[in-house]
Amino acid sequence: QVQLVESGGGLVQAGGSLRLSCAASGSFFGINAMNWYRQAPGKQRELVALITSGGSTNYADSVKGRFTISRDNLKNTVYLQMNSLKPEDTGVYYCNLQLLLQDYWGQGTQVTVSS
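Residues numbered from 1 in each chain as written. Predicted model: local features only at pLDDT ≥ 70, side-chain atom pairs only at ≥ 80, totals over all residues. Heavy atoms only, no water.

A. Quick peek at the overall build of the chain. When helices and strands are counted, the chain shows zero helices and 11 strands. Going from N to C terminus, the chain has its helices and strands arranged as β-β-β-β-β-β-β-β-β-β-β. A globule of 115 residues ought to have a C-alpha radius of gyration of about 13 Å, and the chain, at 13 Å, matches this closely. By principal-axis analysis of the C-alpha atoms, the chain measures approximately 40 × 25 × 25 Å. (Helix = DSSP H or I, 4+ residues; strand = E, 2+ residues; numbered from the N terminus. Rg over C-alpha atoms; globule rule 2.2 N^0.38 Å.)

B. Seen up close, the pattern of salt bridges. According to the stated counting rule, one finds four salt bridges in the structure shown. Salt-bridge contacts for Arg38 lead to Glu46; the nearest nitrogen and oxygen are separated by 2.7 Å. In this structure Arg38 comes out as buried when scored by relative accessible area, which is 5%. Glu46 gets classed as partly exposed once you look at its relative accessible area, which sits at 32%. (Salt bridge = Lys/Arg side-chain N within 4 Å of Asp/Glu carboxyl O. Buried < 20%, exposed > 50% of the residue type's maximum accessible area, 1.4 Å probe, protein only.)

The following block contains the structure:
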């Protein structure tokens, strides 16, 4: 099985920064992309950032210029650096591994941004 372990969430004031990490373990190949999603209570889960197998990145308009997704292939870890955080960034952040035929998800880590 594939395991995704997330860390780095917490409480932060508006304007602050957090770095989320997602470490992948297990046997897998054929990666299409690694993604970060987030979900606020009562809202749909939304794609925040992605990085493809080739290293291309993309971001939701709401986080462009503030968030950066990156990866360390040697460590099998993907990161989300979040700067200039806003209260509307609050939610549970999920790491998503897209393989050829199936997806895997982390357990989620809570990010709370206070006013």
